[in-house]
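Survey of secondary and tertiary structure
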Amino acid sequence: MIQVAAFYLFASVLTACALAVICARNPVHSVLFLIACFFSAAGLFVLLGAEFIALILVIVYVGAVAVLFLFVVMMLDISFQDLRRGAMQYVPLGLGIGLVLLVELFTLYRAWPERTPVITAESTAIENTEALGRIIYTDYLFAFQVSGLILFVAMIGAIVLTHRCRPDVRRQKVAEQNRRKPSDVLEIKKVSSGSGA
Amino acid sequence: MMPVFSWASLSPALPELFLVMLGMVMVLAGLSQSEGAARSLCRVAIGGFALALMMLLGVNWDSAPVMNGMFVMDHFAGFMKLLILLGLMAAVALSVRYLEQEEIDRFEYPILIVFAGLGMMLMVSAHNLLAMYVGLELQSLSLYVLAAFRRNHSKSSEAGMKYFVLGALASGMLLFGASLVYGYTGALGFDAISHALAGGKAGAGLVIGLVFLLVGLAFKVSAVPFHMWTPDVYEGAPTSVTALFAIVPKIAAMGLLMRLLTEPFGSIMPEWQQVVWVLSLASMAVGAFAGLVQNNIKRLLAYSSIGNMGYALVGVAAGTASGMGAVILYLAIYMIMAAGTFGIVLSMRRGGRAYEDIEDLSGLSRTNPLMAWTLAFLMFSMSGIPPLAGFFGKLFIFQAAIASQFYVLAVLGVLCSVVAAYYYLRVIKVMFFDDPLDALDSDLGFSLRAVVFLSIAFVLFFIFSPDTLVETSRNAAAALFAG
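Okay, so let's go over this structure. Only a predicted model underlies this, so the values are computations on that prediction, with no experimental measurement involved.

Considerations on the nonpolar core
Judged by nonpolar contacts, the single largest core of 199 residues is most densely connected at F49, M258, F265 and M431 of chain B. Of the residues forming this core, the biggest block, 18 residues, is contributed by helix α14 (residues 321–346) of chain B. Residue contacts for F49 of chain B: discarding those within four places in its chain leaves L19, L85, L88, M89, V92, I113 and V114 of chain B. Listed in part, the eight residues of the second largest apolar core include C17, C37, V62 and A66 of chain A.

Concerning a nonpolar patch on the surface
On the surface, V67, F71, V72, M75, L76, I78 and L83 of chain A cluster together into a nonpolar patch covering about 670 Å² of accessible area. It is helix α3 (residues 51–75) of chain A that contributes the most residues to the nonpolar patch, four residues altogether.

What to know about the packing of helix α3 (residues 75–101) of chain B against helix α19 (residues 446–461) of chain B
All names here are of chain B. Running from N to C, α3 and α19 cross one another at 140°; their axes reach a closest spacing of 7 Å. In terms of orientation, α3 and α19 fall into the oblique class. For α3 against α19, the interelement crossing comes out left-handed. Contact residues: A90, A93 and L94 in α3; S447, L448 and V451 in α19. Residue classes in the contact of α3 with α19 are distributed as five nonpolar, one polar and no charged.

What about the side chain of S383 of chain B?
Residue and element names in this part refer to chain B. One can find S383 in helix α16 (residues 369–383). A polar side-chain atom of S383 sits 3.0 Å from the main-chain carbonyl oxygen of F380. Look past the residues within four positions of S383 in its chain and what remains in contact with it is K394, A421 and Y424.

Examining the interface of chain B and chain A
Contacts between the two partners involve 34 residues from chain B and, on the opposite side, 26 residues from chain A. Taken over both partners, the interface formed by chain B and chain A buries close to 2600 Å², and the fraction arising from carbon and sulfur atoms is 82%. Counting across the chain B and chain A interface gives zero salt bridges. Of all the elements in the fold, those that place two or more residues in the side of chain B that touches chain A are α1 (14–32), α4 (108–125), α5 (129–147), α6 (154–185) and α8 (204–220) of chain B. Among the elements that take part in the side of chain B that touches chain A, α5 of chain B stands out by supplying nine residues, more than any other. Each residue belonging to the side of chain B that touches chain A can be placed in one class, and the counts come to 24 nonpolar, six polar and four charged.

Let's talk about the pattern of salt bridges
When their charged atoms lie close together, side chains carrying opposite charge are able to pair. All names here are of chain B. In total, this model carries 15 salt bridges over all chains according to the counting rule given. Measuring nitrogen to oxygen at the nearest pair gives 3.7 Å for the salt bridge that ties E471 to R474. Separated by three residues within a single helix, E471 and R474 lie in helix α20 (residues 467–480), roughly one turn from each other. Under the relative-accessibility criterion, E471 is labelled partly exposed at 42%. Within this structure, K155, E158, K162, D232, E235 and R299 form a network of salt bridges that share partners.

Focus on the packing of aromatic side chains
Evaluated as defined, the whole model comprises 21 aromatic pairs over all chains. When the centroid spacing of 5.1 Å and the interplanar angle of 55° are considered together, the rings of F38 of chain A and Y61 of chain A count as tilted. In this pair, F38 of chain A sits in helix α2 (residues 27–47) while Y61 of chain A sits in helix α3, placing the two residues 23 residues apart along the sequence. On the basis of relative accessible area, F38 of chain A is assigned to the buried category, the value being 16%. Here the aromatic rings of F176 of chain B and F212 of chain B are separated by 4.8 Å at their centres, their planes lie at 85°, and the arrangement is edge-to-face. Here F212 of chain B lies in helix α8 and F176 of chain B lies in helix α6, a separation of 36 residues in the sequence. Given a relative accessible area of 34%, F176 of chain B falls into the partly exposed group.

Structural notes on the packing of α14 of chain B against α19 of chain B
In a packed pair of helices, the relevant descriptors are the angle between the two axes and the axis-to-axis distance. Residue and element names in this part refer to chain B. The N-to-C vectors of α14 and α19 enclose an angle of 140°; their axes lie 8 Å apart at closest approach. One way to sum up the angle between α14 and α19 is to call them oblique. Here α14 runs over α19; the crossing is left-handed. Facing I333, I336, M337, A339, G340, G343, I344 and L346 of α14, the residues of α19 in contact are L448, V451, V452, S455, F458 and V459. Split into classes, the residues belonging to the contact of α14 with α19 amount to 11 nonpolar, three polar and no charged.

Criteria and thresholds
- Residues numbered from 1 in each chain as written.
- Chains lettered and ligands numbered in written order.
- Predicted model: local features only at pLDDT ≥ 70, side-chain atom pairs only at ≥ 80, totals over all residues.
- Heavy atoms only, no water.
- Core = buried A, V, L, I, M, F, W, Y, C linked by side-chain atoms within 4.5 Å.
- Buried < 20%, exposed > 50% of the residue type's maximum accessible area, 1.4 Å probe, protein only.
- Helix = DSSP H or I, 4+ residues; strand = E, 2+ residues; numbered from the N terminus.
- Contact = heavy atoms within 4.5 Å.
- Patch = residues over 30% accessible without salt bridge, like charges linked within 9 Å, V, L, I, M, F, W, Y side chains within 5 Å.
- Areas by Shrake-Rupley, 256 points an atom, 1.4 Å probe, with all protein chains shown as cover.
- Salt bridge = Lys/Arg side-chain N within 4 Å of Asp/Glu carboxyl O.
- Axes fitted to C-alpha atoms, helices over the stretch in contact; angles between N-to-C directions.
- Parallel < 35°, antiparallel > 145°, perpendicular 65-115°, else oblique.
- Left-handed = near helix turned anticlockwise from the far one by under 90°.
- Nonpolar A, V, L, I, M, F, W, Y, C, P; charged D, E, K, R; others polar.
- Polar contact = N/O pair within 3.5 Å; in protein donor to acceptor, adjacent residues only side chain to side chain.
- Buried area = accessible area lost by both parts, 1.4 Å probe.
- Phe/Tyr/Trp six-rings, centres within 6.5 Å; stacked < 30°, edge-to-face > 60°.

Quick look at the structure:
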């Protein structure tokens, strides 16, 4: 009973926040609503017994992605009022596409073969995290490794597109620092007492 | 119980493993070298692709799927990878000098091409929806960066941005389709999906999933109506990158499409044939008619590639082994013609500046007859004039379509190719009958000359021994229908 109540709570908060993300006038508010969305989605994952994914969602999406969004939204000098001007002319098109998608979703719902019972996580001795680890590093090793390569390419791409070599920057030259000897830079002077250096 | 692992079980993926290593070593080498790294790494990349090609020829082309059924190496994958590696070598060879001339010779360029090539090879070997997606994404991400490689140039940045946004949308569609297919069949592996579909009729949900998968892939092969990015990206990207786009990625995307449609969804062929039919006809028509009004040669070749993908899709729509064999042959011939044509586009320079309009070729037959004749034969071949290679590609495609009783598609396809012949012939008219402009720079470089020479030799002499290539592509296609 309490689970059902929790489900409806999380689901309705999620939907309301998702609507608020696209309706909010201030883009910063949109991002904050997005964070609330992530939290409610994480709650739904906990209800499904997938606590690892719930935590990852909070750590990665709330902790990193959403904060990044916030930074970008606040740092970019874009007038969102100007962007929004003229957006109304696309409303009929958007509504049309939305309608088509709705009809498709309805067809999908009708086409579902039979009412299969809801699959819940098996309550075995294996922990959620351990179960994921077991398949990611065995059955899905290939996809996991290629995902790593994709991230590598993304890193190279970000550097290629944004890194600029500026000659006027003072850089730390570790080799030169290590090569420095006391005799190069230190001079010991005898200072006789009574007179200055 | 832990399954026993042996390195030998990974041997079908040897060329891919080698390319991963090559890419990483190239990153380290590029970082430790300051001057002229791009040029030497381009050579390393060409050598690496050649080595991977040798490994590919040494690998057993009849292996069972490895890595938990995610990666398969059959005759189809083998031949497609052969084409991809050859295309990559040509694309890198065409770029070496161009990069220096345009002062974008940064060492990441060949590295990104290596990773893009790796993604393409994984795509044609994918045997699981997940493996398909990661391969596709590896390839696409590298290509987005390459499109924006000339980052100080607004058109190049725009091309990269457009390609990225639309490509991301396409990936989203593909994933949505994959999730529906997973939901209605309960499987990600191609074998398991085809097992789940065997005999039974597909429900509406699965068909919607399949259509979304097709939409995602149609973006990647730039089939109409998902072609909008192609002309802008081709025009904006640095010309050597445009050459790469025209030569290789479409082979991989088309290969993935063919495997996806025949292996997991082979039993519900009528469901996808109609979609491919529409895509194919629309691509041929738009490729032919929109090309008529182009003045920029890169945009012209973009529409030409859209049209050519339309012809290739005719063979896919046929849905038979001979149809797929014709598609493979068509892709091989198109790749070689595109390599030669872009070699000439890359050498359209006067006084160190690149020119891109068709008018810039005016009177080329008097200032540089050899180049003019070469481009003329390539254009004749592209438009499908008989003794040249391009004719045979189209011939086998339309034969297969007629054998599968797609008469309307075949007739409309031939009509479209007549329309498209106009713009190919217009290039020839400009070269031979217009007033000559100043001569083009003659300093072309060995690698570019070699690519153009090999391409034109293939186009001219294909007719004397077509059997090898035709047989190989038939065998490759037969592997798709073996399982």
